[in-house]
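Residues per chain are reported as follows:
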Amino acid sequence: MKKLFKQIILLLIFTSNFANAQLQDLILQKIIDNKLIEPKQIQDFEKSQNRLQTKNTTSYLYGLFQCEYKSTTGNFFSEIGSNDIFDSQKLTEEQQKKENENLTDYLLKLKKCELLTEKQKQYFQQKINDNSYSYKLQFISDITFKAFKADYMAPHKLKEFADHLKEYRIVDTKYQDLITAIDEEKIKEPIDFLLYCEKATIIDPNNYSNKPEEYLEAIHKQTASLLPELAYTDFEFKIISDDEMSSGDSNFLNFIVSIRSNGKVYKQKSFYKYNKLSENDFFENKIDYQKYYQIFNKILNDLNFAYRLHVVPVYNENKTNQIFGIMALDKEQGKILSERISYIMPYSEDFKNKPTSQEIENALEEFTKNGLFSNLTADEIERGKEVVAEMDIQENSEIVSAFPNLIYSFDTELGNLEDPYAELVKEFAKISDNEFNPSDISNQFDFPKKKKTTLKFKLGNKSYSKTLKIDNDWIDFKFFDFIKSVVNENNLKGQFYKIYTGDQIAKIIYLTQNQYNNFRANKLLLFTD
């Protein structure tokens, strides 16, 4: 079952209207008379149909599909959580012949119930004759999917969306061409809309060579062609191992792309491929469509330009290298397309809050001037700056995180349920460069049997102990207060501070009072207190 099936169902659930009630009852009666459902399934059928909030041919097919799905699996199909079970099974020649006879009989009954046109019946009969289906649920799902898609791509709906694109200047000079294409049934897939948008392109990696040295720059050139402001020179790339992701014989490789624009060098890291040698497991991604184009948004961000590039994913599981779209949208256009269910669903982009290249350089200078990197080697500092250049920096704490042992990030929904607080204490010691250097650390965590746990350690000549709550797998936030009190009691040069994240991820940094005051006053870092 394609992801597009789920996407289309969700769209129609929210956008459908009711049809003639009297006609509904006649069709339902025909379905019952032809024994497409049993009397005990009528309630399930109507429940599914009502959920779709429409009463047309597609809704009846959807009701039949849900009844068959429940009969097969015991549950209704969910557009969000259900696993796909629609792959073909290998049948013997005799089994396939028998299955085809049953499916042909089912197809004729659908036609009698006026759920298929003659043209549709002939199409599916040919697919049956070609042995395309190995069981009934697979057959019904295909019919239902194509009915959904026909509704989804109905010309009047496509024209309504075209008008919407024209209203917000996403389509302008090619509007009449788009209307003509709809009339001539040339809009086969939602991504085809991009052919008529002012600042958009469709990228099919399959159209390019399989050699990175040939296709990588070509895709970047195609992307940059959307706006003259994205003109660049000096394209370079390298392939590096991702040390954080790679382990044992599992090797993750990334691209690092470099270009020059407006006198500045821009870099961007994106995923390339993964392989596990022992199992001969290999996955290659010609282009990481969620990341690669951010190198151009860095340019637009520095220019304070009105547009950002947005990726438009295509839900097509039949291709190894997925087709995708890239659109240049202003803030209003991006917001409009993200706020309503539409044929084009671009990923959102930040128009305001991301730091510019100059702001990142200024932050690095301030962090250096205030001694934040004083415990790092020259190589560590240089490598950290390289990592910053390759990242898509959202806020300044990500700059600091690019350098080793300065920020410790962790989920407050604890993953370690054996000795989580002992692990945290050890990590806190690392980011303080062992100025906070506890020993004899212990923390017996008997989850879920006990509701409390005791953390113990020594610092200098003093022993410390703290009883903390066990609230399922969530951290007891009194832990932070306890550690800070120990630091104060021992008159250490620095203190642990929590950086604001806006979610359940905690970021901890160790700073002197002067560093904290300076970073806070100049808004270089945003703290929780």
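Quick summary incoming for the structure in this document. Worth saying up front: this structure is predicted, and the values here are computed from it rather than measured.

### A short note on the sheet that holds strand E1 (residues 200–203)
Now for step 1: Pairing in this open sheet of three strands is antiparallel, and the strands run E1-E7-E6 from one edge to the other. Sheet topology places E1 and strand E6 (307–313) at the edges, where each strand pairs with a single neighbour. For this sheet, the mean inter-axis angle between neighbouring strands, taken without regard to orientation, is 25 degrees.
Now for step 2: Of the strand pairs in this sheet, E1 and strand E7 (residues 324–330) are connected by four bridges, and their pairing is antiparallel. Bridging from a neighbouring strand, Ala-200 pairs with Met-327 of E7.

### Some details on the packing of helix H5 (residues 93–112) against helix H6 (residues 118–129)
Now for step 1: Here H5 crosses H6 at 175 degrees, and the two axes come no closer than 10 Å. One finds that H5 runs roughly antiparallel with respect to H6. In this structure, H5 contributes Asn-100, Leu-103, Thr-104, Leu-107, Leu-108 and Lys-111 to the contact, and H6 contributes Glu-118, Lys-121, Phe-124, Gln-125 and Ile-128.
Now for step 2: When its residues are assigned to classes, the contact of H5 with H6 shows five nonpolar, three polar and three charged.

### Some details on unusual backbone geometry
Peptide bonds are, in most cases, trans, and in most cases residues other than glycine have a negative phi.
Now for step 1: Look at Glu-114: it is not a glycine, yet its phi comes out positive at around 65 degrees.
Now for step 2: Considering the arrangement of structural elements, one finds Glu-114 in the loop between H5 and H6.
Now for step 3: Residue Glu-114 is classed as partly exposed on the basis of its relative accessible area, which comes to 48%.
Now for step 4: The backbone of Asp-440 shows a phi angle near 50 degrees, a positive value even though the residue is not glycine.

### Digging into the environment of Leu-337
Now for step 1: Position of Leu-337 relative to the elements: it lies in helix H12 (residues 331–339).
Now for step 2: Between the C-alpha atom of Leu-337 and that of His-164, which follows or precedes it by 173 residues, the distance is 9.6 Å.
Now for step 3: Sequence-distant contacts of Leu-337, that is, excluding residues within four places in its chain, are made with Phe-161, Leu-165, Ile-170, Leu-329, Ser-342, Ile-344 and Pro-346.

### So, helix H3 (residues 42–52)
Side chains of residues three or four places apart in an α-helix project in the same direction, reflecting 3.6 residues per turn.
Now for step 1: All of the buried residues in H3 are Asp-44, Phe-45, Ser-48, Gln-49 and Leu-52. The buried residues of H3 occupy an angular sector of 130 degrees when the element is viewed end-on, so they sit on one face. Of the residues in H3, the exposed ones pointing more than 90 degrees away from the buried face are Gln-43 and Lys-47.

### A few points about the pattern of salt bridges
Now for step 1: Tallied over the full model, the rule gives 25 salt bridges.
Now for step 2: The salt bridge partner of Lys-186 is Glu-184, with a shortest N-O separation of 3.0 Å.
Now for step 3: Lys-458 is paired through a salt bridge with Asp-440; the nearest N and O atoms lie 3.6 Å apart. Residue Lys-458 is located in strand E10 (residues 452–459), and its partner Asp-440 is located in strand E9 (residues 439–444); the two are separated by 18 residues in the primary sequence.
Now for step 4: For Lys-458, a relative accessible area of 36% gives the class partly exposed.
Now for step 5: In this structure, a network of salt bridges that share partners links the residues Lys-111, Glu-118 and Lys-121.

### Quick word on the packing of aromatic side chains
Now for step 1: Applying the stated criterion across every chain, the model contains 41 aromatic pairs.
Now for step 2: Aromatic side chains Tyr-232 and Phe-235 sit 6.4 Å apart centroid to centroid with 45 degrees between the ring planes, which places their arrangement in the tilted category. One exposure class covers both Tyr-232 and Phe-235, and it is buried.
Now for step 3: With a centroid separation of 5.5 Å and an interplanar angle of 20 degrees, the aromatic rings of Tyr-289 and Phe-324 are classed as stacked. In this pair, Tyr-289 sits in the loop between strand E5 (281–284) and helix H11 (294–302) while Phe-324 sits in strand E7, placing the two residues 35 residues apart along the sequence.
Now for step 4: Judged by relative accessible area, Tyr-289 falls into the buried class, the value being 16%.

### Remarks on the sheet that holds strand E12 (residues 494–499)
Now for step 1: Spatially, three strands are ordered E8-E13-E12 in an open sheet, and the strand pairing comes out antiparallel. Two strands in the sheet have a free side with no partner beyond their single neighbour: strand E8 (407–411) and E12. Each strand axis lies, on average, 25 degrees off the axis of its neighbour in the sheet, ignoring direction.
Now for step 2: The pairing of E8 with strand E13 (residues 505–512) spans five bridges and is classified as antiparallel. Along E13, the bridge assignment pairs Ile-407 with Ile-509.
Now for step 3: Helix H16 (residues 420–431) contacts E8, E12 and E13 of the sheet and is inclined by roughly 155 degrees relative to E8.
Now for step 4: Sitting on the sheet, helix H17 (residues 478–489) is in contact with E8, E12 and E13, with an inclination near 160 degrees to E12.

### Here's the deal with helix H4 (residues 57–73)
Now for step 1: For H4, with 17 residues, the first-to-last C-alpha span of 24 Å sits near the 24 Å given by 1.5 Å per residue.
Now for step 2: Within the span of H4, buried status applies to Thr-58, Ser-59, Tyr-60, Leu-61, Tyr-62, Gly-63, Leu-64, Phe-65, Gln-66, Cys-67, Glu-68 and Tyr-69.
Now for step 3: Directly beyond the C-terminal end of H4, a positive phi value near 95 degrees is found at Gly-74.

### A closer look at the packing of H6 against helix H7 (residues 136–152)
Any two packed helices are characterised by how steeply their axes cross, that is the angle between the axes, and by the distance between the axes.
Now for step 1: Direction vectors running N to C along H6 and H7 enclose 145 degrees, while the axes themselves pass 12 Å from each other. For the element pair H6 and H7, the recorded crossing hand is right-handed. Contacts from Tyr-123, Phe-124, Lys-127 and Ile-128 of H6 reach H7 at Phe-139, Asp-142, Ile-143 and Lys-146.
Now for step 2: Classifying every residue of the contact of H6 with H7 by side-chain character gives five nonpolar, no polar and three charged.

### Focus on the pairing of E10
Now for step 1: Only one face of E10 is buried, namely the one carrying Thr-453, Leu-455, Phe-457 and Leu-459, since none of Lys-452, Thr-454, Lys-456 and Lys-458 on the opposite face is buried.
Now for step 2: Looking at chain direction, E9 and E10 are connected through four bridges and run antiparallel. By the bridge assignment for E10, Ser-439 is matched with Lys-458.
Now for step 3: Between the antiparallel neighbours E10 and strand E11 (residues 462–469) lie two residues, among them Gly-460 with a positive phi of about 65 degrees.

Criteria and cut-off values
- Residues numbered from 1 in each chain as written.
- Predicted model: local features only at pLDDT ≥ 70, side-chain atom pairs only at ≥ 80, totals over all residues.
- Heavy atoms only, no water.
- Pairing = 2+ DSSP bridges.
- Helix = DSSP H or I, 4+ residues; strand = E, 2+ residues; numbered from the N terminus.
- Axes fitted to C-alpha atoms, helices over the stretch in contact; angles between N-to-C directions.
- Parallel < 35°, antiparallel > 145°, perpendicular 65-115°, else oblique.
- Contact = heavy atoms within 4.5 Å.
- Nonpolar A, V, L, I, M, F, W, Y, C, P; charged D, E, K, R; others polar.
- Buried < 20%, exposed > 50% of the residue type's maximum accessible area, 1.4 Å probe, protein only.
- Arc of directions from axis to C-beta.
- Salt bridge = Lys/Arg side-chain N within 4 Å of Asp/Glu carboxyl O.
- Phe/Tyr/Trp six-rings, centres within 6.5 Å; stacked < 30°, edge-to-face > 60°.
- Expected span 1.5 Å × (residues − 1).
- Left-handed = near helix turned anticlockwise from the far one by under 90°.

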